[in-house]
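This is what each chain is made of:
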Protein chains: 2
Amino acid sequence: MIPTRSTSEIPGAPLPSPSHPIDAAPARRPGGRSAQVRRRVLDAVRDQLVEQGYDALSVDVVADRSGVHRTTVYRRWRDVGGLLADVLAEATGDDWSPPDTGSLEGDLVAVNREVHAALTGDPPITTALIAASFRSEQAGEALRLFWADRYARCSVIVRRAVERGEVPARTDARRLLVAATAPLYHEMVLLRTPAGPDLVERWAGDAATAARAGAFAAAGAADPMTDPG
Amino acid sequence: MIPTRSTSEIPGAPLPSPSHPIDAAPARRPGGRSAQVRRRVLDAVRDQLVEQGYDALSVDVVADRSGVHRTTVYRRWRDVGGLLADVLAEATGDDWSPPDTGSLEGDLVAVNREVHAALTGDPPITTALIAASFRSEQAGEALRLFWADRYARCSVIVRRAVERGEVPARTDARRLLVAATAPLYHEMVLLRTPAGPDLVERWAGDAATAARAGAFAAAGAADPMTDPG
DNA sequence: TCCTTAACGCGACGGATGTAGCGATAAGAT
DNA sequence: ATCTTATCGCTACATCCGTCGCGTTAAGGA
């Protein structure tokens, strides 16, 4: 779900708006040395995260690995959360698209499989980002945007299910998707229950059943009688 | 959901097992001065949390407030997470019991109202504990036990619903409860969507609808046809 | 080519965090 | 009352964290 590519690309990316001196400065120097610094630092963040994990991630370590000076990293990213936020911002703009298996339940299972993989992945990058989101405003906002984007892209799953007649026409896409995925996050991230892969299918199935019963119908049309199935 | 009483009670509580020297030492001095130190420290943690919030919580501040020396706090609780874990352990043993409104949906709404209140409460103690659970093994384990206890107590809600004939007999209590509450946690804690109080009733209603449709039936009996309603 | 200036490198600092060693105190047993 | 020892208080120390001020470098325009 969150790519971990460590390939050093050509710079060119815009600066992440330093945010402390909010002078609305138009970022006059987007290319060249600054971009090179950014690339080295973000690569160092990813590498460090992959090799040593979240606990070993600090501004100083990243500065050492990247060869960029401590103060520079502090100035541009403020803290670890800012670094992760920038890494995440890069990942948000990818070309991910939700699976298309031919059935609502199949799609939900596939999505949940990706969530499960992201949450059990080693090193635990996703968990690290969640943890960081509680400490850094920047990381929290970046993660919020990332998830909002993902759920928006997934709405096509529900649209297709409606077209197939699997669920009521007024089914709210976001509610259904949250119903399918939230329990997985809840169990694995907050409740920390030993979650076997069977949970993935169970919650997807429960959500599909609920949707067929008209549970997520918008407006006042929560009546299963309107179900065309 | 998590009491915040700051009343200085009589000591008597057992020591929180220092955990670093795991010599299986039988904690030979459970009463007296040590207990008094514990009481002063835990009260200081709660007071500090209520007055200044999580960001202003550190071992040094707690030590100052309580009048107990820095090193003593470090020795017995290791870090902030350990302190919060001990506070939480005290709260876990309370006499909370789930609401009984007379209907499944009413009970679920009432539970979700408590969750909502806990997550929006100021100061954000629950959020603080969640954040701490990512940093401290002790805090994480304490929170895990706390939630496991709460969900177990709530299973009576489903039992009553089954007896009333509201849901299939084989409905899995935990799955239903997680389906009702997880989306609320997900939206408010992870997704950070601006969550109005209407979400509370919506998710409870969706879960109730799903349960009536036989979504959470155990074993292979997930067929709505077996629904006695 | 020269000039302006944003961004970086550098050393130093003040404060917070966490640990070690050692003596003092009091709990609990005899 | 006396003894043993777990626990606490204290000082000192090492490290990490984040910031400040100033000199240097190089990007982009004239």
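Criteria and thresholds
Residues numbered from 1 in each chain as written. Chains lettered and ligands numbered in written order. Predicted model: local features only at pLDDT ≥ 70, side-chain atom pairs only at ≥ 80, totals over all residues. Heavy atoms only, no water. Helix = DSSP H or I, 4+ residues; strand = E, 2+ residues; numbered from the N terminus. Buried < 20%, exposed > 50% of the residue type's maximum accessible area, 1.4 Å probe, protein only. 1 Å grid on protein atoms, 1.4 Å probe; cavity = no way out; pocket = protein on both sides within 12 Å on 5 of 7 lines; lining within 4 Å. Points joined across faces, edges and corners; volume = space filled by probe spheres on them. Nonpolar A, V, L, I, M, F, W, Y, C, P; charged D, E, K, R; others polar. Polar contact = N/O pair within 3.5 Å; in protein donor to acceptor, adjacent residues only side chain to side chain. Contact = heavy atoms within 4.5 Å. Salt bridge = Lys/Arg side-chain N within 4 Å of Asp/Glu carboxyl O. Expected span 1.5 Å × (residues − 1). UniProt positions renumbered as here; feature names shortened; annotations may be inferred. Buried area = accessible area lost by both parts, 1.4 Å probe. Least-squares fit on C-alpha atoms with pLDDT ≥ 70 in both.

By the naming in an unreviewed UniProt entry, chain A goes by TetR/AcrR family transcriptional regulator and is assigned to Actinomadura alba.

(A) Local environment of the side chain of B:Thr209. For B:Thr209, the location among the structural elements is in helix 9 (residues 198-212). With relative accessibility at 18%, the residue B:Thr209 sits in the buried group.

(B) Region of interest: the layout of surface pockets. Roughly 1,000 Å³ of internal volume is contained in the largest pocket. Lining the largest pocket are 35 residues, with A:Phe134, A:Arg135, B:Tyr54, B:Asp55 and B:Ala131 sitting closest to its centre. Taken together, the residues of the lining of the largest pocket break down into 16 nonpolar, nine polar and 10 charged.

(C) Local environment of the side chain of A:Asn112. Residue and element names in this part refer to chain A. Its place among the elements puts Asn112 in helix 5 (residues 104-120). A relative accessible area of 0% means that Asn112 is categorised as buried. At a separation of 3.3 Å, a polar atom in the side chain of Asn112 contacts the main-chain carbonyl oxygen of Val200. In this view, Asn112 contacts Ala180, Thr181, Leu184, Val200, Trp203 and Ala204; residues no more than four positions away in its chain are not counted.

(D) Looking closely at the pattern of salt bridges. The final tally for this structure, using the stated rule, is 42 salt bridges over all chains. In this structure, A:Arg39 engages A:Glu90 in a salt bridge whose closest nitrogen and oxygen atoms are separated by 2.5 Å. One end of the pair, A:Arg39, is in helix 1 (residues 33-52); the other, A:Glu90, is in helix 4 (residues 80-92), with 51 residues separating them in the sequence. Across the pair, A:Glu90 and A:Arg39 agree in class, each one buried. Note that B:Asp107 and B:Arg160 form a salt bridge whose closest N and O atoms lie 3.1 Å from each other. Separated by 53 residues along the polypeptide, B:Asp107 in helix 5 (residues 104-120) and B:Arg160 in helix 7 (residues 137-164) bring together distant segments of the chain. Relative accessible area serves as the criterion here: at 0%, B:Asp107 is assigned to the buried category. For B:Arg160, a relative accessible area of 17% gives the class buried. Salt bridges sharing common partners tie together A:Arg38, A:Arg39, A:Asp43, A:Arg46, A:Asp86 and A:Glu90.

(E) Highlighting helix 5 of chain B. All names here are of chain B. Here helix 5 is 17 residues long and its end C-alpha atoms lie 24 Å apart, about the 24 Å a rise of 1.5 Å per residue gives. Buried within helix 5 we find Leu104, Asp107, Leu108, Val109, Ala110, Val111, Asn112, Val115, His116, Ala118 and Leu119. Elements that come into contact with the buried residues of helix 5 comprise helix 6 (125-133), helix 7, helix 8 (173-191) and helix 9.

(F) Focus on unusual backbone geometry. All names here are of chain A. Backbone torsion omega between Asp122 and Pro123 reads 5 degrees, so that peptide bond is classified as cis. Checked against the element boundaries, Pro123 lands in the loop between helix 5 and helix 6 (125-133). The phi dihedral of Arg192 is positive, around 55 degrees, even though this residue is not glycine. If you trace the backbone, Arg192 turns up in the loop between helix 8 (173-191) and helix 9 (198-212).

(G) Here's a closer look at the UniProt feature "DNA-binding region" (unreviewed entry) in chain A. UniProt records the feature "DNA-binding region" (unreviewed entry) at residues 58-77 of chain A, using the numbering of this structure. Summarising residues 58-77 of chain A: 80% helix, 0% strand, and an end-to-end C-alpha distance of 12 Å.

(H) Summary view of the interface of chain B and chain A. Taken together, the 33 residues of chain B in the interface contact 33 residues of chain A. Here chain B and chain A share an interface that buries about 3,100 Å² over both sides, 70% of which is from carbon and sulfur atoms. Along the contact surface separating chain B from chain A lie four salt bridges. In this structure, the connection of chain B to chain A is made through eight residue pairs in polar contact (both at pLDDT 80 or more). When residues of the side of chain B that touches chain A are traced back to their parent elements, those giving at least two are helix 6, helix 7, helix 8 and helix 9 of chain B. By residue number, the principal contributor to the side of chain B that touches chain A is helix 8 of chain B, which donates 13 residues.

(I) Main features of the relation of the copies chain B and chain A. It takes a turn of 180 degrees to lay chain B on chain A, together with a shift of 0.0 Å along the axis; the resulting RMSD is 0.1 Å. Here the two chains are linked by the operation of a two-fold rotation axis. Identified as the residue of chain B closest to the rotation axis by C-alpha distance is B:Ala210, at 2.2 Å.

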